[in-house]
Amino acid sequence: METATTESIRVQSLSQSGLSHVPPQFIQPLHTRPIPNNPSSTTIPIIDLFGFDPIHRNSTRDSIARACNEWGAFYVTNHGVPVTLLDDIRRVGSTFFNDCSMPVKLRYACNSGAAATEGYGSRMLVSSDEQNDGVQVLDWRDYFDHHTLPLSRRNPNNWPDFPSDYRKTVANYSDEMNVLAKKLLALISESLGLNPSCIEDSVGEFYQNITMSYYPPCPEPELTLGLQSHSDMGAITLLIQDDVSGLQVVNNSDGGWVIVKPVSDAVLVILADQTEIITNGKYRSCEHRAITNPDRARFSVATFHDPAKTAKISPASDLINELSPAKYQDVVYGDYVLSWYTKGPEGKRNLDALVLES
Ligand SMILES: O=C(O)CCC(=O)C(=O)O
Ligand SMILES: [Fe+2]
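Residues numbered from 1 in each chain as written. Chains lettered and ligands numbered in written order. Predicted model: local features only at pLDDT ≥ 70, side-chain atom pairs only at ≥ 80, totals over all residues.

Caption draft 1: How the structure looks around the overall build of the protein chain. When you go through the protein chain residue by residue, the secondary structure sums to nine helices and 16 strands. Computed over C-alpha atoms, the radius of gyration of the protein chain comes to 20 Å, within 12% of the 21 Å expected from 2.2 N^0.38 for 358 residues, which places it in the range of a compact globule. In terms of overall dimensions, the protein chain has C-alpha extents of about 60 × 45 × 40 Å along its principal axes. In the protein chain, of all internal contacts separated by at least 6 residues, the share reaching a separation of at least 24 is 79%. (Helix = DSSP H or I, 4+ residues; strand = E, 2+ residues; numbered from the N terminus. Rg over C-alpha atoms; globule rule 2.2 N^0.38 Å. Contact = placed C-beta atoms within 7 Å.)

Now the structure itself:
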């Protein structure tokens with residue numbers, strides 16, 4: 001976890017200090033460096049939801065099935081969330097990172113001694129890389145994590161009050177994303193021939209967090225990662241980004257990294273680990289990471305929808321039979337989160353640990 005000396009340092013202040021080399025703790029081991037590969041012409045699917053109009057439901061469901069099988073991630077358009085709200089959350093978030101002084105930002109510093117606490121921080125993912133003698137590598141990223149649902153966890157007083165519509169915007173955005181996540185899980189369930197409420201019922205009440213990520217310009221992007229390779233822990237993540245590229249996903253067909261080009265009015269859907277367990281591996285969670293660049297800061301907003309820590313997650317009984325036995329051990333979600341934060345994500349190793357021998 002974070003040490004006392006790094007507590008008040010944010011990557012943004014390092015970047016602004018005009019370094020020409022990144023400090024050693026940000027240098028990735030050779031095998032995880034983002035060696036520029038040939039620009040891939042492959043792109044992840046963009047699915048028109050037609051405002052969830054029932055007339056289009058069959059074809060939308062088919063497109064979702066294909067996208068979930070091939071990528072575990074896809075963009076959606078005509079999703080029902082006002083585009084002005086997407087612009088507003090990008091505006092208030094970027095204003096906090098770009099226009100508030102560091103002392104003001106640090107008033108919201110999260111508790112660095114505990115995992116996933118609310119507030120402004122610089123490191124969430126810890127990788128202790130065995131191939132790198134157990135040395136921990138830091139991400140070139142600052143973030144602000146908001147606890148938004150259930151409402152009992154939502155306290156806007158913990159969030160910035162500049163710009164003046166910051167808190168109202170985050171609260172509205174949380175509500176809209178909650179609705180969209182439920183509608184998408186229904187379509188995803190149907191696309192597997194399941195009852196529309198199947199995945200949502202397995203997840204239970206959503207624990208939603210909104211994480212804004214800010215990736216400052218980096219003097220040595222070829223040595224660093226904005227966010228190391230991982231899959232998200234919960235059920236479904238909805239992500240929007242600004243117009244600076246940096247997010248990459250694994251292409252299931254060849255294992256290579258593919259850039260997810262920004263599409264401004266669309267919302268990116270990322271399947272997370274609990275959905276892989278609930279669907280008994282029919283749909284895999286999407287492995288992704290963020291790379292950095294030397295010229296422009298990048299900003300994204302990820303909205304995570306997770307089970308309660310006490311929820312027990314297991315493959316849906318409708319997908320299990322003699323011919324298709326359970327492929328994953330049941331897991332209490334809180335135990336899963338603990339292992340993720342203690343060991344670090346390193347791709348999908350925490351999920352792989354639950355796979356049963358066949
Ligand atoms: O910044 C991004 O595009 C990715 C963020 C992300 O993967 C995460 O916060 O889990
Ligand atoms: Fe992620």
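Caption draft 2: Layout of unusual backbone geometry. Following Leu149, the chain continues to Pro150 via a peptide bond in cis, the omega torsion being -5°. Tracing the chain through its elements places Pro150 in the loop between strand E6 (142-149) and helix H5 (166-190). Here the residue pair Phe162 and Pro163 is connected by a cis peptide bond, since its omega of -5° sits within 30 degrees of zero. The phi dihedral of Asn280 is positive, around 55°, even though this residue is not glycine. In this structure, Asn280 sits in the loop between helix H7 (273-278) and strand E13 (288-290).

Caption draft 3: Quick peek at helix H3 (residues 83-99). The first and last C-alpha atoms of H3 sit 23 Å apart over 17 residues, in line with the 24 Å expected at 1.5 Å per residue. Taken together, the buried positions of H3 are occupied by Ile89, Arg90, Val92, Gly93, Phe96 and Phe97. Down the axis, H3 shows its buried residues gathered within 165° of arc, on one side only. Facing away from the buried side of H3, by more than 90 degrees, are the exposed residues Val83, Thr84, Asn98 and Asp99. (Expected span 1.5 Å × (residues − 1). Buried ≥ 20, exposed ≤ 12 C-beta atoms within 10 Å, placed from the backbone. Arc of directions from axis to C-beta.)

Caption draft 4: Geometry of the packing of helix H2 (residues 57-70) against H5. It is the contact of H2 with H5, at a shortest axis distance of 9 Å, that shows an interaxial angle of 85°. It follows from the interaxial angle that H2 and H5 lie roughly perpendicular. Together, Thr60, Arg61, Ile64 and Cys68 of H2 and Leu187, Ile188 and Glu190 of H5 make up the contact between the two elements. Residue composition of the contact of H2 with H5, by class: four nonpolar, one polar and two charged. (Axes fitted to C-alpha atoms, helices over the stretch in contact; angles between N-to-C directions. Parallel < 35°, antiparallel > 145°, perpendicular 65-115°, else oblique. Nonpolar A, V, L, I, M, F, W, Y, C, P; charged D, E, K, R; others polar.)

Caption draft 5: Quick look at the environment of Ala67. Looking at where Ala67 falls in the secondary structure, it is placed in helix H2. A tally of 23 C-beta atoms within 10 Å means that Ala67 is categorised as buried. Sequence-wise, Ala67 and Thr43 are 24 residues apart; in three dimensions their C-alpha atoms are separated by 11 Å.

Caption draft 6: Spatial organisation of the pairing of strand E10 (residues 247-250). The two faces of E10 match: Leu247 and Val249 on one face and Gln248 and Val250 on the other face are all buried. The sheet contact formed by E10 and E13 spans three bridges and is antiparallel. When the sheet's bridge partners are listed, Gln248 is paired in E13 with Arg289. Where E10 and strand E11 (residues 257-259) come together, three bridges link them in antiparallel fashion. When the sheet's bridge partners are listed, Val250 is paired in E11 with Trp257. (Pairing = 2+ DSSP bridges.)

Caption draft 7: Up close: the UniProt feature "domain: Fe2OG dioxygenase" (unreviewed entry) in the protein chain. Summarizing the sequence annotation, UniProt attributes the feature "domain: Fe2OG dioxygenase" (unreviewed entry) to residues 205-307 in the numbering used throughout. End C-alpha atoms of residues 205-307 are separated by 6 Å, and the span's content is 6% helix alongside 42% strand. (UniProt positions renumbered as here; feature names shortened; annotations may be inferred.)

Caption draft 8: Geometry of the site of ligand 1. By nearness alone, every residue bordering ligand 1 is listed as Thr211, Ser213, Leu227, Asp232, Leu239, Gln241, Leu247, His288, Ala290, Ser300 and Ala302. Among the elements of the structure, strand E7 (207-215), strand E9 (236-241), E13 and strand E14 (298-306) are those that each provide at least two residues to the shell around ligand 1. In the shell around ligand 1, the residues fall into five nonpolar, five polar and one charged. (Near = placed C-beta within 6 Å.)

Caption draft 9: Structural detail: the sheet that holds E9. Pairing is mixed in the open sheet, where eight strands are placed in the order E1-E2-E12-E9-E14-E7-E6-E3. Two strands lie at the open edges of the sheet, namely strand E1 (46-48) and strand E3 (119-121), each paired on one side alone. Shown here is a sheet whose adjacent strand axes are inclined to one another by a mean of 25°, direction ignored. For E9 and strand E12 (residues 267-271), the ladder comprises four bridges, and the chain directions are antiparallel.

Caption draft 10: Seen up close, the nonpolar core. One finds Ala73, Phe74, Ile236, Val267, Leu268 and Val269 to be the most contacted residues of the largest nonpolar core, which totals 85 residues. Beyond its immediate sequence surroundings of up to four residues, Leu268 is in contact with Ala73, Tyr75, Leu239, Ile240 and Val260. (Core = buried A, V, L, I, M, F, W, Y, C linked by C-beta atoms within 7 Å.)

Caption draft 11: Quick peek at the sheet that holds strand E8 (residues 227-230). Across the sheet, which stays open at both edges, the four strands sit in the order E8-E13-E10-E11 with antiparallel pairing between neighbours. For this open sheet the edge positions go to E8 and E11, each flanked by a neighbour on one side alone. Strand-to-strand, the axes of this sheet are offset by a mean angle of 25°, without reference to chain direction.

Caption draft 12: Inspection of the pairing of E12 at higher detail. Among the five residues in E12, five count as buried, and that is most of the element. Residues Val267, Val269 and Leu271 of E12 are buried on one face, and the alternating residues Leu268 and Ile270, pointing to the opposite face, are buried as well. As paired strands, strand E2 (residues 73-77) and E12 are joined by four bridges and run antiparallel to one another. Its bridge partner being in E12, Tyr75 is matched across the sheet by Leu268.

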